[in-house]
Amino acid sequence: MFKGNNLGAFLHFIPFIKAYRKDYIYGLLPVPISVFCNIAFPWIIIQIIDQQLVVKQWDGMSYWTSLIVLVLICNYLSSSFYNYFVQKAALQTIADIRKDLFNRVLHFPKSYYDVTPMGSVLTRITSDLEAITESLASGILAMVKDVLVTIALLIFLVSISWKLTLLTLVIAPPMYFITSRLRRSLQKAQLGSRRILSKSTGYLQESLQGIKTVQLYNAEAESQTKFAAFTQVFFKHQSKSNFIDASLFSIIEGITTISMGLIIWYGANEILMTTLSVGILIGFIQTLDKIFVPIRDFTSQIASIQRALAALSNIESLYLQETETALDNTQKLAPTFNDTEFESLVFDRVYFSYKEDGPMVLKGVSFALNKGQKIALVGSTGSGKSTIVRLLTKSYVGYKGSIKLNGVELRDIDKSQLTEFYSLMQQEVYLFNESIEFNIALARSGIDMDRVTLAAKYVFADEFIQKLPGEYQFKITENGANLSAGQGQLIAFARAMATQSHFVLLDEATSSIDSVTEKMIQKAIEHVFKGKTLIAIAHRLSTIKGSDQILVLDRGQIIEKGRHESLLALGGAYTQLVNAERHH
């Protein structure tokens, strides 16, 4: 049943299952009792018919009746014990897997999310894992007990009538052949269903996130058409799965009914020939029905199991994707990196491409930054400015050349050691549906209310925060919909400053702000320029005039470098950028 990627993904689950092995063991302990009770019941039926009813002997009936009641009670208790502990362990296992998967996706490199829709990741953690929960808790684990009971009952059938057992086993080859063929078709249909569900969820999330843009350009009809196409494909896969599932159950039900009829016909002849007792025939039929019940249940569970196997294939991709920690561990990390104070940064002929076979985004970039200095990166979109910042924060790895931070090669430094080393103001501002205090602190250790307030005052965000109802407890909604764009950026700026690092990275920090808060942003940047070591990217060149060095990039190369005045004197690319801003 488990093949290829399915087996690989299942092996990832073994440690989680082992964590609750005691509960699994407790659940399996009463299984022998349940097996014994399932054999004892038809045996008692045979004794009652042959020794009591056929010979019309009523003495002793109370004994056999009491024995049946005792067997039924024991079977009920053992089954309840099994179901409770096994399902409890299964649910705990799935809960741990869910937490582990979420922890993994939190540590995936940024490059993973560049090519993977968020909706696909969401589907794997929710819908796919729910399919596994359904199968593990009510399918696979239940089959363990059913298989043991079925084997025991087959042995019992052989012991009471090997001829009838042999006749019964005649149906096994066609039943196996049909089940195997339909199971493969069902798995293929379920896998297609899971994949198209992942794609449609990703598209749905993108459409809802960009709903304002969709409505602005009257693209509702096109979005609906595309989503309807996803839904139609999903419907076809699900319809095919339901058809195969229904066909499988009907075929198995038909085969078992025919085999039951053959056994009754053959057994009746044996009774007439006095080679078989009535009790044995009835007991055999009753036992055979107990065997066919789990077989019929299994066929009805196949759809659930195939959904789980298809989900396993999807979840396997999350386990195969390396996390940032794993990528760091492939390098020999520096054990003595000083992550408390910035001293120097040196780029030496750095080359970088976002894809192995893609174009170089940085081509031989070299520059140096010492403590207290300010460097500004300017250039057109796609020139490589943001890529330099992304490499410094280890959002991306795999550069060629050398980047040394405090004399230590960047690729040899664990990313976790860098988080307190720099403050980063990103171009993309995301605000959580939480209080302003939370959005600045982000529940980071060591950042208390005092540091939150200091950070807000440092970037002059405290001025408008004090005017809000609830001040720092004011709840932000829908990624800052109840704030202006500039206010949201100031909060994100305060978030970066809360680390109190002396090394600051400003990535497009002055873009997309409103005129009301632009002066506060400018004051905050000027404040940072005075007291921090800085690498800044800005659309407004007026903010970087005081930089110790301005690097002008074009297509991944530094084409000009120097101070503001010297670059203007050159009359080159920097001068063109300044003139373009003046005429804008």
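Placed above this text is the structure.
Residues numbered from 1 in each chain as written. Predicted model: local features only at pLDDT ≥ 70, side-chain atom pairs only at ≥ 80, totals over all residues. Heavy atoms only, no water.

This part is about the nonpolar core. Core analysis: the biggest nonpolar cluster contains 46 residues, and Ile-436, Ile-440 and Phe-493 have the highest contact counts within it. Of all the elements, helix α17 (residues 485-497) adds the most residues to this core, at seven residues. Excluding residues that lie within four positions of it along the chain, Phe-493 makes contacts with Met-425, Val-459, Leu-506, Ala-524, Ile-525 and Val-528. Counting 31 residues, the second-largest nonpolar core is a separate cluster that includes Phe-347, Phe-367, Leu-410 and Ile-413. (Core = buried A, V, L, I, M, F, W, Y, C linked by side-chain atoms within 4.5 Å. Buried < 20%, exposed > 50% of the residue type's maximum accessible area, 1.4 Å probe, protein only. Helix = DSSP H or I, 4+ residues; strand = E, 2+ residues; numbered from the N terminus. Contact = heavy atoms within 4.5 Å.)

Time to look at unusual backbone geometry. What is expected of a backbone is that most residues other than glycine have negative phi and most peptide bonds are trans. The backbone phi angle of Arg-349 is positive, close to 50°, even though this residue is not glycine. Tracing the backbone shows Arg-349 in strand β1 (residues 344-352). With a phi close to 55°, Arg-555 is a non-glycine residue in the positive phi region. With respect to the element layout, Arg-555 can be found in the loop between β9 (549-554) and β10 (557-562). Accessibility expressed as a relative area gives 67% for Arg-555, which makes it exposed.

Our focus in this paragraph is the sheet that holds β1. Taken together, four strands build an open sheet; the order of strands is β2-β1-β4-β5 and the sheet is antiparallel. Each edge of the open sheet is held by one strand with a lone partner, namely β2 (362-370) and β5 (408-409). Two elements, β1 and β2, share six bridges in a ladder whose sense is antiparallel. From the neighbouring strand, Phe-347 faces β2, where its bridge partner is Phe-367. (Pairing = 2+ DSSP bridges.)

Spatial strand order, β6-β7-β8-β3-β9-β10: six strands in an open sheet with mixed pairing. Edge strands, defined here as strands with exactly one partner in the open sheet, are β6 (422-425) and β10. Going from strand to strand, the sheet's axes swing by 15° on average, the running direction of each strand aside. In this structure, β9 lies alongside β10, joined through five bridges in antiparallel fashion. Directly across from Leu-553, in β10, lies its bridge partner Ile-558. Taken strand by strand, α17 contacts β6 and β7 (503-506), and its axis lies near 170° from that of β6. (Axes fitted to C-alpha atoms, helices over the stretch in contact; angles between N-to-C directions.)

Another point: the packing of helix α2 (residues 21-28) against helix α4 (residues 61-106). One way to put it is that α2 packs onto α4 with a least axis distance of 7 Å and a crossing angle of 160°. Looking at the two axes, α2 sits roughly antiparallel to α4. Relative to α4, α2 is oriented so that their crossing is left-handed. Mapping the contact onto sequence places Asp-23, Tyr-24, Tyr-26, Gly-27 and Leu-28 in α2 and Phe-81, Tyr-82, Phe-85, Val-86, Lys-88, Ala-89, Ala-90, Gln-92 and Thr-93 in α4. Of the residues assigned to the contact of α2 with α4, the class counts are nine nonpolar, three polar and two charged. (Parallel < 35°, antiparallel > 145°, perpendicular 65-115°, else oblique. Left-handed = near helix turned anticlockwise from the far one by under 90°. Nonpolar A, V, L, I, M, F, W, Y, C, P; charged D, E, K, R; others polar.)

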